[in-house]
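Close look at the chain arrangement
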Amino acid sequence: MNYKSLLIVLFIFLLGCEQNNLNKNAVNQEIITKYKNSGFALVYNPMLKKEKKISNKIDNRSLLIFHKSLKKNSFVKITNPVNQKTVIAEVISNNVNFSDFYNSVITSRIAEELSLNLNEPYINLVLISQNSTFVAKKAKTFNEEKKVAEKAPVDGIQIDNLGEINQPKNETIKEEIFSYSIKIADFYYKDSAKNMSDRIINETNIRNPLIKTISNTKYRVLLGPFNDIKKLRDSFNEIKSLNFENIEILKDV
């Protein structure tokens, strides 16, 4: 092989390595930017608007949600972790005022589809990538799906979220112990998790954050567990004052 041929081979090799790095970076960026959250949803009913607990109305027959940070017209997959039922919903607005304790506002239709326990409307919410072929297909058919859903009747469920309410008919809800923890963040280094724990102690009234070792490269800062909804909500609101992003509520199992 002459010198010129060697340079060509070397150039092709380096070009392939660069492309491979670009692909890896693209995958890593998608993982970093993909939004997911576990927590309680606020199930909409008209009284919430009258009581000024929410600033906008939503059609309770629809498969639409309110969210505070996701872009309008984004699609999300919502899962009930108790029974693994899922629905695909569209973010209709990110400019609605409601308590930060809830990760979204969902309709009675969505709650019914998921067979949610309305005393504990706990969900997993994942953003579906806008570049996926699923969203491209879903965007074309979503209007038709909404029309079908809107024709179906809704049983006018009166909802006092996380309170004492009636369950949908023909649904048997298994009695479970109320036990949840607040996930602040995951860290690669234990020292970083310790720094976060110290900040929480120094800047809030919370005195017992926990550091849980998930793996050799993942350390999770948690508050709890909480067996009472009021204590959970109070601690959540306390920690929100530090302006952490995407705080999650995790169900203890």
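Residues numbered from 1 in each chain as written. Predicted model: local features only at pLDDT ≥ 70, side-chain atom pairs only at ≥ 80, totals over all residues. Heavy atoms only, no water.

1. So, the pattern of salt bridges
Test applied: Only one rule defines a salt bridge in this text: a Lys or Arg side-chain nitrogen within 4 Å of an Asp or Glu carboxyl oxygen. Relative accessibility decides the category of a residue: with a 1.4 Å probe and only protein chains considered, values under 20% of the type maximum give buried, values over 50% give exposed, and everything between is partly exposed. A run of H or I in DSSP becomes a helix once it reaches four residues, and a run of E becomes a strand once it reaches two; helices and strands are each numbered from the N terminus.
In total, this model carries 11 salt bridges according to the counting rule given. Note that arginine 61 is salt-bridged to aspartate 59, the shortest N-O span being 3.2 Å. Judged by its relative accessible area of 40%, arginine 61 falls in the partly exposed class. A residue is classified by how much of its surface remains accessible, and aspartate 59, at 29% relative accessible area, is partly exposed. Taking the shortest distance from any N to any O, the salt bridge between aspartate 186 and arginine 220 comes out at 2.7 Å. Here the residue aspartate 186 occupies a position in strand β7 (residues 180-187), and arginine 220 occupies one in strand β9 (residues 218-226), the gap between them amounting to 34 residues.

2. Observations concerning the sheet that holds strand β8 (residues 210-215)
Rules: We treat two strands as partners when DSSP finds at least two bridges between them. Every angle, taken between N-to-C directions, lies between 0 and 180 degrees, and every axis is a line fitted to C-alpha atoms, over only the stretch in contact when it is a helix. Residue contacts are counted whenever heavy atoms from the two residues lie within 4.5 Å of one another.
Read across the sheet, four strands follow the order β8-β9-β7-β10 without closing on themselves; strand pairing throughout is antiparallel. Looking along the sheet, the strands with just one partner apiece sit at the ends: β8 and β10 (248-251). Taken pair by pair, the neighbouring strands of this sheet meet at an average axis angle of 40 degrees, ignoring direction. Seen against the sheet, helix α6 (residues 229-240) touches β7, β9 and β10 and runs at an angle of roughly 30 degrees to β7.

3. Here we look at α6
Going by this rule: In a helix, the anticipated span is given by 1.5 Å times the number of residues less one. Our arc is simply the arc of the directions from the helix axis toward the C-beta atoms. Between N or O atoms, a polar contact is any pair within 3.5 Å; within protein, one atom must be a potential hydrogen donor and the other a potential acceptor, and residues adjacent in sequence are included only when both atoms are from side chains.
Taking 1.5 Å as the rise per residue, α6 with 12 residues should run 16 Å; its terminal C-alpha atoms sit 16 Å apart, in good agreement. Regarding α6, the residues found buried are Leu232, Ser235, Phe236 and Ile239. One side of α6 holds all its buried residues, which, seen down the axis, span an arc of 105 degrees. Of the surrounding elements, those touching the buried residues of α6 are β1 (36-43), β7, α5 (190-203), β9 and β10. At the N-terminal boundary of α6, the capping side chain belongs to aspartate 228, with an oxygen 3.0 Å from the backbone nitrogen of lysine 230.

4. Section: the packing of aromatic side chains
Just so we agree on the cut-off: A pair of Phe, Tyr and Trp rings is counted when the ring centres sit within 6.5 Å of each other, with Trp represented by its six-membered ring. The angle between the planes then sorts it: under 30 degrees is stacked, over 60 is edge-to-face, the rest tilted.
Enumeration over the complete set of coordinates arrives at nine aromatic pairs. On the numbers, 6.4 Å between centres and 5 degrees between planes, the contact of phenylalanine 40 with phenylalanine 178 is stacked. One end of the pair, phenylalanine 40, is in strand β1; the other, phenylalanine 178, is in the loop between α4 (133-151) and β7, with 138 residues separating them in the sequence. When sorted by exposure, phenylalanine 40 lands in the same class as phenylalanine 178, which is buried. Centroid distance tyrosine 188 to tyrosine 189: 4.8 Å. Interplanar angle 75 degrees. Geometry classified as edge-to-face. Here the two residues tyrosine 188 and tyrosine 189 agree in accessibility, since each one is exposed. The rings of Phe40, Phe101, Tyr102, Tyr122, Phe178, Tyr180 and Phe236 are connected pair by pair, giving a single aromatic cluster.

5. A short note on the side chain of asparagine 37
As for its placement among the helices and strands, asparagine 37 is situated in strand β1. Apart from residues no more than four positions distant in its own chain, asparagine 37 is found in contact with Asn103, Ile123, Asn124, Leu125, Asn246, Ile247 and Glu248.

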